[in-house]
Amino acid sequence: MDALLSLSNDLAAAVERAAPAVVAVHARRLPSTGIHWRPGIVVTAEHTVRTAEDITVTMADGRSLPAVLAGRDPGTDLAVLRVADAGSVVATLGDDAALKVGHMVLALGYGPRASWGVISALGPRWRSWRGGDIDRLVRLDLVLYPGFSGGPLVDAAGRVVGLNTSGLARETRLALPVTMVTRVADELLQKGHVSRGYLGLGMQPVRLPEPLRAQLGLGDGALIVVMVEPSGPAARAGVLLGDVLVALDGEPVGDLDDVQARLGSDRVGAEISAVVLRGGVRTELRITVGEQPRRRA
Amino acid sequence: MSAVLTEPVAAAAASLAARLAGITVEVRGHSRGSSAGAPAGAGVVWRADGLILTNAHVAEGAVSVVLPDRRVLSARLAARDVEHDLAALVVEATGLSAAEIGDSDALRVGELVLAVGNPLGVVRALSAGLVHATGRRFIQADLRLAPGNSGGPLADARGRVVGLNAMIVGGLAFAVPSRAGWRFVRERLGR
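Because the structure is predicted, anything quoted here is derived from the model rather than measured.

Glancing now at the overall build of chain B. When helices and strands are counted, chain B shows two helices and 12 strands. Over its C-alpha atoms, taken along the principal directions, chain B stretches across nearly 55 × 35 × 30 Å. By the burial criterion, 50% of the 191 residues in chain B qualify as buried. Long-range pairs, those at least 24 residues apart, make up 62% of the contacts in chain B with a sequence separation of at least 6.

And the structure:
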């Protein structure tokens, strides 16, 4: 068969394979898209869930079902809904580790509707402006049409490799990698939210003077403590106003992102080391990481 | 590693592009009184005996047609349907290469489509994309069009014309389905 025709048939088949797990989520004025992830579990983009009540989901077969918000995490822009439907087709998940720049991909919206493009860039772990840690940057060269947020990024074989969102970057179309979606969805189903480590400190980046850097073998950036929450995790460990934090959990810290990177949900309750300079003297403390107080959803 | 699929795909796309260029005409308007005519859009050679289909919004007033072989012919407006944005032009010519017309109802979401037209004055330029949504009044394609594509063919991966590009809505290409074209020709021209 003609190669172009084969490609065309493959793309249409990929849509047909993925579409039965693509749903419409009605949780704001205009619907968004969701993915039937596991029986009765739908994931979508958190920023498209504007209401916690009266949410409905339209399954691929057209049935409209009430949905309950099981959990949401604005940081990673993921929300999980429960629907009373264990019978419908669930998504076939692919492997986002195999993604390469230039791979042909499809973004799907409810309907189904399709958009075609390529992976335009891949990058390391990054922090969203909403404060969530995203395992990997997956940047797309395709159009995310209105209502496409929360829908699947599909590879040429019709497997879901990510969840598309326009809510984490203004001009850039991104996908959250499928392995991360599964991990965050599991945590949301368990706890209803994603916990993050918490020190109870306000800090500001400072440059260390050269003699001190040379003397103690440090990098040029550090963080000066400008606020200590009374009885917070750091206060209990003996951190004082004016201390300069240079390392956390054995890694040097030069800015707040470095600190956040050491305070994932797995560190809550763990004791970690903190190295501070106090009056020019290196002091090591042990802090039991707390859990970040939740903002009102 | 050799490009086992991309090279044949590229070769097939190139031959299809050439085939589509051979059934696509430029439609020029004479509303300003100029003899050469201003580019208004594109059209599809529907039949070898000189029947050309385009959009109603392209065929307003007297028009001429530039054939793929560069011949410029004046065209008679044989029928016009504003509601479906279709117009039939007839030129004095025979033996033209006519489009193979496909069935717009058979389109599947995700299949490849190609468009040829004169976007922003670039003659017989190609755009490639895929079917975005079906089952609506217009075929919706995830494909970049520009003014000047109007009336030109939207074709499937076999090169069969499945629609006439009509407008750009929210970045999507909207095309009049070939079924509407069939019906228009049958009902308005009796053939």
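Quick look at the overall build of chain A now. Helix and strand counts for chain A stand at five helices and 22 strands. Each principal axis of the C-alpha atoms in chain A carries an extent, and together these give about 75 × 45 × 30 Å. Counting only contacts in chain A whose residues sit at least 6 apart along the sequence, the fraction spanning at least 24 positions is 60%.

On to the sheet that holds strand β7 (residues 112-117) of chain B, then. Residue and element names in this part refer to chain B. Judged by pairing direction, the barrel is antiparallel, and its six strands sit side by side in the order β7-β8-β9-β12-β11-β10 before closing back on the first. Looking at each pair of strands side by side, their axes are set apart by 45° on average, direction ignored. Here β7 pairs with strand β8 (residues 125-133) via six bridges, running antiparallel. Bridged to valine 116 within β8 is leucine 126. Most of the contacts of helix α1 (residues 6-21) go to β7, to which it runs at about 40°, and overall it touches β7, β8 and β10 (153-156).

So, on to the domain arrangement of chain A. On domain assignment, one finds that chain A holds domain 1 (3-191) and domain 2 (197-291). When each unit is reduced to the centre of its C-alpha atoms, the spacing between domain 1 of chain A and domain 2 of chain A is 37 Å.

The subject of this paragraph is the environment of serine 88 of chain A. Residue and element names in this part refer to chain A. For serine 88, the location among the structural elements is in the loop between β6 (78-83) and β7 (104-109). Taking C-alpha positions, serine 88 is 55 Å from valine 206, a pair spaced 118 residues apart along the chain. In contact with serine 88, not counting residues within four places along its chain, are His36, Met59 and Asp61.

All right, on to the domain arrangement of chain B then. Accessible area lost upon the coming together of the parts is a frequently used measure of interface size. All names here are of chain B. When the domains of chain B are assigned, the result is domain 1 (17-90) and domain 2 (104-183). Relative to domain 2, the C-alpha centre of domain 1 lies at a distance of 17 Å. The leading source of residues in the side of domain 1 that touches domain 2 is strand β2 (residues 38-45), at five residues.

For chain B, per-residue confidence averages 91 on the pLDDT scale, and residues scoring 70 or more make up 94% of the total. Scoring of the predicted complex yields 0.84 for pTM and 0.88 for ipTM.

Between helix α1 (residues 3-18) of chain A and α1 of chain B, whose axes approach to 7 Å, the crossing angle comes to 105°. Classified by the angle between their axes, α1 of chain A and α1 of chain B sit roughly perpendicular to one another. On α1 of chain B, the residues that touch Ala3, Leu4 and Leu7 of chain A of α1 of chain A are Pro8, Val9, Ala12, Ala13 and Leu16 of chain B. When the residues that make up the contact of α1 of chain A with α1 of chain B are grouped by side-chain class, the tally is eight nonpolar, no polar and no charged.

All names here are of chain A. Pairing of strand β18 (residues 244-248) with strand β20 (residues 271-278) involves four bridges; the strand directions are antiparallel. Looking across to β20, one finds that leucine 248 is bridged to alanine 274. Two elements, β20 and strand β21 (residues 281-288), share eight bridges in a ladder whose sense is antiparallel. Across the sheet, leucine 277 pairs through a bridge with arginine 282, a residue of β21. Linking two consecutive strands that pair antiparallel, namely β20 and β21, is a turn of two residues; a positive phi of about 60° is found at glycine 279 within it.

Here we take up the environment of glycine 219 of chain A. Residues and elements named next belong to chain A. Here glycine 219 shows up in the loop between α3 (210-216) and β17 (221-228). Residue classification places glycine 219 among the exposed residues on the basis of 12 C-beta atoms within 10 Å. In this structure the C-alpha to C-alpha distance between glycine 219 and threonine 92, which are 127 residues apart in sequence, comes to 46 Å. Other than its neighbours up to four places away in sequence, glycine 219 contacts Pro252 and Gly254.

Let us now look at the interface of chain B and chain A. Counting residues at the interface gives 21 residues for chain B and 20 residues for chain A. Mapped onto the side of chain B that touches chain A, the elements with two or more residues apiece are α1 and β8 of chain B. Looking at the side of chain B that touches chain A, its residues break down into 12 nonpolar, five polar and four charged.

Residues and elements named next belong to chain A. Read once around its circumference, the closed barrel built from six strands follows the order β1-β2-β3-β6-β5-β4, with strand pairing classed as antiparallel. Going across the sheet, the axis of each strand differs from the next one's by a mean of 40°, ignoring polarity. By the bridge criterion, five bridges tie strand β3 (residues 41-45) to β6 in an arrangement that is antiparallel. The residue bridging valine 43 from the neighbouring strand is valine 80, located in β6. The sheet strands contacting helix α2 (residues 178-191) are β2 (32-38), β3, β5 (64-73) and β6, and the helix crosses β5 at an angle near 95°.

Another point: the pairing of β5 of chain A. Every regular strand shows the same layout, with side chains that alternate between the two sheet faces. All names here are of chain A. As paired strands, strand β4 (residues 55-58) and β5 are joined by four bridges and run antiparallel to one another. Residue threonine 58 lies in a different strand from β5, and its bridge partner there is serine 64. Where β4 hands over to β5, the hairpin turn is made up of five residues, of which glycine 62 adopts a positive phi near 100°. In the sheet, β5 pairs with β6 via six bridges, with the strands oriented antiparallel. The residue of β6 that forms the bridge with valine 68 is arginine 82.

Here we take up the nonpolar core. Counting residues in hydrophobic clusters, the biggest one holds 120 residues, and the most contacted among them are Val15, Val42 and Leu106 of chain A together with Ile52, Val113, Ala141 and Ala175 of chain B. Per-element tally for this core: the top contributor is α1 of chain A, with seven residues. Excluding residues that lie within four positions of it along the chain, valine 15 of chain A makes contacts with Leu106, Leu108, Pro112 and Ala114 of chain A together with Val109 and Gly110 of chain B. Residues Leu201, Ala222, Val239 and Ile272 of chain A belong to the second largest nonpolar core, which totals 23 residues.

Calculation notes
- Sequence positions are assigned chain by chain, starting from 1 and proceeding in written order.
- The naming scheme follows written order: chains are lettered A onward, ligands numbered 1 onward.
- In keeping with the model being predicted, local features are shown solely for residues with a pLDDT of at least 70 and side-chain atom pairs are shown and tallied solely at 80 or more, while totals for entire chains, interfaces and linings include all residues.
- The secondary structure listing takes helices from DSSP runs of H or I that are at least 4 residues long and strands from runs of E that are at least 2 residues long, numbered from the N terminus.
- Field definition: a residue is buried when 20 or more other C-beta atoms are found within 10 Å of its C-beta, exposed when 12 or fewer are, and partly exposed for counts in between, with C-beta atoms placed from the backbone.
- Throughout, a pair of residues is in contact if the C-beta atoms placed from their backbones lie within 7 Å.
- A pair of strands is considered paired only if DSSP assigns at least 2 bridges between the two.
- Every axis corresponds to a line fitted to the C-alpha atoms, with the helix fit spanning only the stretch in contact, and the corresponding angles, defined between N-to-C directions, vary from 0 to 180 degrees.
- For the purposes of this description, domain bounds are those given by an automatic or database domain assignment.
- One number per residue, pLDDT, summarises how confident the predictor is, and it ranges from 0 to 100.
- If an angle is under 35 degrees, it is roughly parallel; if it is over 145, roughly antiparallel; if it lies from 65 to 115, roughly perpendicular; otherwise it is oblique.
- Note on residue categories: nonpolar means Ala, Val, Leu, Ile, Met, Phe, Trp, Tyr, Cys or Pro, charged means Asp, Glu, Lys or Arg, and polar means any other residue, Gly included.
- Think of a nonpolar core as buried Ala, Val, Leu, Ile, Met, Phe, Trp, Tyr and Cys residues, each tied to the set through C-beta atoms within 7 Å.

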